[in-house]
Structures are given as structure tokens and as C-alpha cells.
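Fold and geometry: a report
The primary structure of each chain is shown beneath.
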Amino acid sequence: MKLRKLLPLMVMFSLSVSTSFAAQFIDVTSDTYNKIWSVGQSYKTDRKLENPVNYGVELRSGAGGAAVLVTPGTITKYIAYSKDDRLIFPDESFKKAIINSNDYVYIATYALHLKNPLAGTVMPQLPSQRLLIEKDNQYITPVAMDTKIYDMMPHSYAVVYYAFPKNVVLNAPYTIKFINGNGDKIEIPITTEKIADIIDKENNLVFKPN
């Protein structure tokens, strides 16, 4: 049986990124925040407003446990076009929190809306219980999302947000592991090629207009 060390994030935060590509997740500065916000204000989604694929890049889809990768850039665009219909009122403290959070990205697990074909009712949506990243036989633990950001985010779909340093998420290969609401262990392998694809989709999601 392999023994795995449970590492705190501050230890892993100092690790160098081993990815070989130059592309990165979008950094949100005062300037880029305003540009992303402007794109978001005129954006219209064709999905239910609080569906996590509106504000994250899909990592896994399925009844057993779905997950997306959320970044400060995707959050900024999403809040810009969803705030009025979601009855939230982000102020300058939200903008400051986003700009100060560039070193972190978020793995968000959620439950799909599934109907019972016999009863015609929606199946219970249960949040995930735990999530870790396993790399080189070591477990990397998440931290909490900044409360200024968390309070503005959706909380339907049984969504749970797990924050990791950006350099940890970029440092593929590794495996995301979590326990879903039914107690099943879900694994999502992340390769260097997968990270490159996620970055490309994140950049597109942030700046894509209608």
C-alpha cells in the first residue's frame, strides 16, 4: 500500500510550473477587469443562468459528479452579465478581491438536474464532500474561496468551490479526486495537453462576445 503525504498549499505554492507552453490563464488587472466587464455586460447566455458551465471550463460531465475550472477572468465576465437577474450588487470590494486573487483558480463540483423518468421529479442534488489533487503520490489540499467572491457566486446545482494556487493547477500531470454526494470517489486525470486545452477554452470563455 502506498503512503501518500498530505501537503499544505503553502508548501506546494512554491513549486515551479513544469508546463512547457507559454499560454496562461488570464490575469485580471484593473485594466483587464474593465475590458472583461464590458464584454460581459452585453453577453447573453443560452443556458440556465446559474449553470456552472456559464462561468467555468468543463472538466467532467456526468450524473456521478460534474466539475468545472473557474478563474478570476471567467468569474468577472459572469458576474457582469448575471448580477441583475441574480439580484446581487458587486461593489469595489468585489473588484479588489478579484484583482488580488490572480494566484488562485477554483475547481467547482456540482450536480446535474436529473429527472426521475417514472415520478417526473428532479433527483436530489447533493454536494461533494471532499476534493484533493494527487500528484507524485502526494495529496494537495484546497483552501476556501475569498468570501467577497464567494458571496457573489451561484450556490445552486449543489456547487462547491475548492481554491488552489494557479501554479499547482498548471503543474500537470496530476489527478483530481473527490467524493461526490453519494459517497462515490470520482477521479479526473489532468495531463499537460488537457491543461493547454483548458487554458485555450478559458481565454475564449472570458473574451467571447455573443
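This text goes with the structure placed above it.
Now for a quick tour of the structure. (Residues numbered from 1 in each chain as written. Predicted model: local features only at pLDDT ≥ 70, side-chain atom pairs only at ≥ 80, totals over all residues. Heavy atoms only, no water.)

1. Comments concerning the packing of helix 3 (residues 72-82) against helix 7 (residues 192-207)
Following both chains from N to C, one finds helix 3 and helix 7 inclined at 25 degrees, their axes separated by 8 Å at the closest point. Taken together, the axes of helix 3 and helix 7 lie roughly parallel to each other. Judged by the twist between their axes, the crossing of helix 3 over helix 7 is left-handed. Across the interface between the two elements, G73, T74 and K77 of helix 3 pack against E202, L205 and V206 of helix 7. (Axes fitted to C-alpha atoms, helices over the stretch in contact; angles between N-to-C directions. Helix = DSSP H or I, 4+ residues; strand = E, 2+ residues; numbered from the N terminus. Parallel < 35°, antiparallel > 145°, perpendicular 65-115°, else oblique. Left-handed = near helix turned anticlockwise from the far one by under 90°. Contact = heavy atoms within 4.5 Å.)

2. Comments concerning the packing of aromatic side chains
Counted under the stated rule, the structure contains seven aromatic pairs. Ring plane angle 15 degrees and centroid distance 5.6 Å describe the contact between Y33 and W37, whose orientation is recorded as stacked. With Y33 and W37 both in helix 2 (residues 30-41) and four residues apart, this pair spans about one turn of that helix. The pair Y33 / W37 is uniform in exposure class, with both members buried. When the ring of Y55 is compared with that of Y161, the centres are 6.4 Å apart and the planes differ by 40 degrees; the resulting orientation is tilted. Of this pair, Y55 sits in the loop between helix 2 and strand 2 (57-60) while Y161 sits in strand 7 (residues 160-165); the two residues are 106 residues apart in sequence, bridging distant segments of the chain. Classification of Y55 by relative accessible area gives buried; the value is 0%. Aromatic ring contacts, followed pair by pair, group Y43, Y55, Y78, Y81, Y150 and Y161 into a single cluster. Positioned above the aromatic ring of Y43, the side-chain terminus of K77 is 3.8 Å from the ring centre. (Phe/Tyr/Trp six-rings, centres within 6.5 Å; stacked < 30°, edge-to-face > 60°. Buried < 20%, exposed > 50% of the residue type's maximum accessible area, 1.4 Å probe, protein only. Lys NZ or Arg CZ within 6 Å of the ring centre and 35° of its normal.)

3. Looking at the packing of helix 2 against helix 4 (residues 92-99)
Orientation of helix 2 relative to helix 4, taken along the N-to-C sense of each, is 115 degrees, at an axis distance of 10 Å. For the crossing formed where helix 2 meets helix 4, the hand is right-handed. Contacts from S30, Y33, N34 and W37 of helix 2 reach helix 4 at F94, K95, I98 and I99. Its residues assigned to classes, the contact of helix 2 with helix 4 shows five nonpolar, two polar and one charged. (Nonpolar A, V, L, I, M, F, W, Y, C, P; charged D, E, K, R; others polar.)

4. Re the pattern of salt bridges
In this structure the tally under the stated criterion is eight salt bridges. Here K166 ties to D27 by a salt bridge, and the two come within 2.8 Å at their closest N and O atoms. Separated by 139 residues along the polypeptide, K166 in helix 6 (residues 166-170) and D27 in the loop between helix 1 (9-12) and helix 2 bring together distant segments of the chain. Given a relative accessible area of 13%, K166 falls into the buried group. D27 sits in the partly exposed class, given a relative accessible area of 40%. K35 is the salt-bridge partner of D31, the closest N and O atoms lying 3.3 Å from each other. Here D31 and its partner K35 are both found in helix 2, four residues apart, which amounts to about one turn of the helix. (Salt bridge = Lys/Arg side-chain N within 4 Å of Asp/Glu carboxyl O.)

5. Observations concerning the pairing of strand 7
For strand 7, a buried count of six out of six residues is recorded, marking the element as mostly surrounded by other parts of the structure. Two strands pair when backbone bridges link them, and strand 4 (residues 104-110) and strand 7 are joined in this way by six bridges, in the antiparallel orientation. By the bridge assignment, V105 is partnered in strand 7 with F164. (Pairing = 2+ DSSP bridges.)

6. A short note on the sheet that holds strand 2
Strand order in this open sheet of four strands is 2-3-4-7, and the pairing throughout is antiparallel. The strands lining the two open edges of the sheet, one partner per strand, are strand 2 and strand 7. Taken over all neighbouring pairs, the strand axes of this sheet differ in orientation by 30 degrees on average, direction set aside. Both strand 2 and strand 3 (residues 66-70) contribute to a ladder of three bridges, which runs antiparallel. Residue pairing across strands places V57 opposite L69, the latter belonging to strand 3. Its contacts with the sheet put helix 7 on strand 2 and strand 3, and the angle it makes with strand 2 is roughly 145 degrees.

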